[in-house]
Amino acid sequence: MTTEAVAAATTVQAVAAATTVQAVAVRLARLLEDIGLGLNPGELRIACLDLARHLADDTPLLGIAGRLNVGKSTLSNALTGGRAPTAPTECTVEPRRYRPVDEHLAGPSLRCATIDTPGADSVNRRGPAALAGLAPADIAVYVVVTPTVRDVTFLASFAPTRLFSPANTVVVVNRLDERVRPGQDPTPAAAEAIAGYRRTPQLRPFTILPIIALLAETHATRRFTAADLAGLHDAGGTERRWRLLGPYGAHALPAAGPPDLATAYDHIEAMSFLPGLRARLAALGAQQATFRCVNVVRRAERLVETVAAGNRAEVEALRAIDDWLTRTRRRCPPLMLHDVANALAGLAGRTGPAGAPTAADQCLAAYERAGVRLAGGEPPDAEIELLRAAGRSGDRLVATSGTTLRHHLILRRAALTDEGAPT
Ligand SMILES: Nc1nc2c(ncn2[C@@H]2O[C@H](COP(=O)(O)OP(=O)(O)O)[C@@H](O)[C@H]2O)c(=O)[nH]1
Ligand SMILES: [Mg+2]
């Protein structure tokens, strides 16, 4: 490679790095802070400073949603060691945040805070409160016992917010211990149920994981004591045992005969299915910076759309944010994260049987090939043409996905060759 070519390649890499989401986050935080501090006290000043502060916080924030009584608060406690009220009669009416009580409780690999939201029982009645409560979250954890039409409707309401998509949502199937006879191992029933849900077209795009939140909560909050261990075989302690361990744990733990409390806790954790969920959440937590930046950009867009300026300074502030967002959107491909994830998930659900490619298959394949070409430094012009044709398809999903993916590719190509990052 000539010196000139090396210099050119280095410039391209530097520009690509500068347009990364981290650079966007730093600039957006500065912009929102400067604008907020320049305004008189009021809704807009608070919102700008809140968003700037939110960008600076690097703790992954999990938003826990789902219908009433599915175990949201129990799961929040299981992940943070917190004490959100959990009872069939105690319901969460306002979204509440919980920070880990003990950094080590949630395990060495998971550092997170949670938002426990009110039950999303009906999209019309409580759904908006639940969805608004989730808005600041980096990752949505949607809890179900048996998914119903309402759950599917609530999950579908995620897409238009452009805050959540299968990229940052986990569906958790809880209370699996109640599906089997007391004492019976729920693992096979859990696997069978989840395999069934994966066949539901609306759930297929999501990661679906099992949990017994009650056992996970007992594990995290250390409620099972040495006295409970000593009385594990006593007939008298049955009610408390049942409350701490549920029908499965209350039979399985005495049967395991753990010799000491530490071993008992290892059993409780393994029975809860928590390690699998924790691993997935830790993997998503590693992408927190990207999710947070996309989140704040989307909420800043919403601010511009919904806040009525009360004076000249606020009019100018909103215009400055809008201008900056418009410029940034044209340059930063990661901001299309959820649009792309939704497009890919929709297309993947439409693919035909092997050997008979459909328009959806062709769209997916073109996008995949384009990714490989871009990584190799080649222009994906032919693929962009194919996606342009898909954009004219009579199938609405293929048409919108084709347009989204084409737009994303054009941004990615531009980010590699453009003169500079958004300022
Ligand atoms: N047996 C069993 N009970 C659970 C489990 N998860 C939660 N519960 C119980 O279900 C009830 C409702 O839980 P809660 O977390 O308050 O539900 P929320 O309304 O979704 O917040 C409480 O009595 C919990 O102890 C579980 O995995 N197994
Ligand atoms: Mg609750």
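Being a predicted model, the structure only gives us computed values, none of them experimental.

Draft legend 1. The overall build of the chain, seen in detail. Helix and strand counts for the chain come out as 19 helices and 6 strands. By residue count, 40% of the 423 residues in the chain fall in the buried class. Here the contacts in the chain between residues at least 6 apart in sequence split such that 67% fall between residues at least 24 apart.

Draft legend 2. Structural context of the packing of helix α9 (residues 213-221) against helix α12 (residues 261-272). It is the contact of α9 with α12, at a shortest axis distance of 8 Å, that shows an interaxial angle of 145°. Our pair here, α9 against α12, has a crossing hand that is left-handed. Between α9, through L215, A216, T218 and H219, and α12, the contact on the second element is made entirely by Y265, I268, E269, M271 and S272.

Draft legend 3. Seen up close, the sheet that holds strand β2 (residues 96-98). Read from one edge to the other, the open sheet built from 6 strands follows the order β2-β3-β1-β4-β5-β6, with strand pairing classed as mixed. Either end of the sheet is taken by a strand with one partner, and the two such strands are β2 and β6 (207-210). Across this sheet, the average inter-strand angle for adjacent strands is 25°, counted without regard to direction. Of the strand pairs in this sheet, strand β5 (residues 169-173) and β6 are connected by 4 bridges, and their pairing is parallel. Its bridge partner lying in β6, V172 is registered against L209. Contacts from helix α4 (residues 72-80) reach β1 (61-66), β2, β3 (113-116), β4 (139-144) and β5 within the one sheet, and its direction differs from that of β3 by about 170°.

Draft legend 4. Examining the site of ligand 1 more closely. Lining the immediate environment of ligand 1, one finds 22 residues, of which G71, S73, T74, T86 and G246 sit closest. Secondary structure elements with two or more residues in the shell around ligand 1: α4 and α9. The biggest single contributor to the shell around ligand 1 is α4, with 3 residues.

Draft legend 5. Representation of the nonpolar core. One finds L62, A140, Y142, V172, I211, I212 and C363 to be the most contacted residues of the largest nonpolar core, which totals 104 residues. Looking at this core, you find at least three residues from each of domain 1 (59-216 + 273-285) and domain 2 (333-423). Not counting chain neighbours up to four residues away, the residues in contact with I211 comprise L75, V172, V173, N174, A216, S272, F273, L274 and L277.

Draft legend 6. Representation of unusual backbone geometry within the structure. One non-glycine residue with positive phi stands out, namely R162, at about 55°. Structurally, the position occupied by R162 is in the loop between α7 (158-161) and β5. Given 19 C-beta atoms within a 10 Å radius, R162 is considered partly exposed. In this structure, R175 takes a positive phi of about 60° despite not being glycine. Checked against the element boundaries, R175 lands in the loop between β5 and α8 (187-198).

Draft legend 7. Looking closely at α4. Buried residues dominate α4, accounting for 9 of its 9 residues. Listed in full, the buried residues belonging to α4 are K72, S73, T74, L75, S76, N77, A78, L79 and T80. Downstream of α4 by one or two residues, G81 has phi in the positive range, about 75°.

Draft legend 8. Structural detail: the confidence of the model for the chain. Summarising the model, the chain shows a mean pLDDT of 88, and 89% of its residues fall at 70 or more. At the low end of the mean pLDDT range in the chain sits helix α1 (residues 3-18), at 47; at the high end sits β5, at 98. Across residues 9-15 the pLDDT falls below 50, and counting only partners more than four positions away or on other chains, this stretch makes 5 contacts in the model.

Draft legend 9. Structural detail: the packing of helix α17 (residues 359-375) against helix α19 (residues 396-417). Contact pair α17 / α19: the axes reach a minimum separation of 10 Å and the direction vectors enclose 5°. Of the possible angle classes, the one that applies to α17 and α19 is roughly parallel. Here A359, A360, C363, Y367, A370 and L374 of α17 come into contact with α19, specifically with V398, S401, G402, L405, L409, R412 and R413. Here the residues of the contact of α17 with α19 sort into 9 nonpolar, 2 polar and 2 charged.

Draft legend 10. Structural context of α9. The buried fraction of α9 amounts to 8 of the 9 residues, a majority that puts the element mostly inside the structure. Listed in full, the buried residues belonging to α9 are A213, L214, L215, A216, E217, T218, H219 and A220. Summarising the contacts, the buried residues of α9 are in contact with α4, α11 (238-256), α12 and α13 (274-285). R222 occupies a position one or two residues after α9 and carries a positive phi of about 55°.

Definitions and cut-offs
Residues numbered from 1 in each chain as written. Chains lettered and ligands numbered in written order. Predicted model: local features only at pLDDT ≥ 70, side-chain atom pairs only at ≥ 80, totals over all residues. Helix = DSSP H or I, 4+ residues; strand = E, 2+ residues; numbered from the N terminus. Buried ≥ 20, exposed ≤ 12 C-beta atoms within 10 Å, placed from the backbone. Contact = placed C-beta atoms within 7 Å. Axes fitted to C-alpha atoms, helices over the stretch in contact; angles between N-to-C directions. Left-handed = near helix turned anticlockwise from the far one by under 90°. Pairing = 2+ DSSP bridges. Near = placed C-beta within 6 Å. Core = buried A, V, L, I, M, F, W, Y, C linked by C-beta atoms within 7 Å. Domains from an automatic or database assignment. pLDDT = per-residue confidence, 0-100. Parallel < 35°, antiparallel > 145°, perpendicular 65-115°, else oblique. Nonpolar A, V, L, I, M, F, W, Y, C, P; charged D, E, K, R; others polar.

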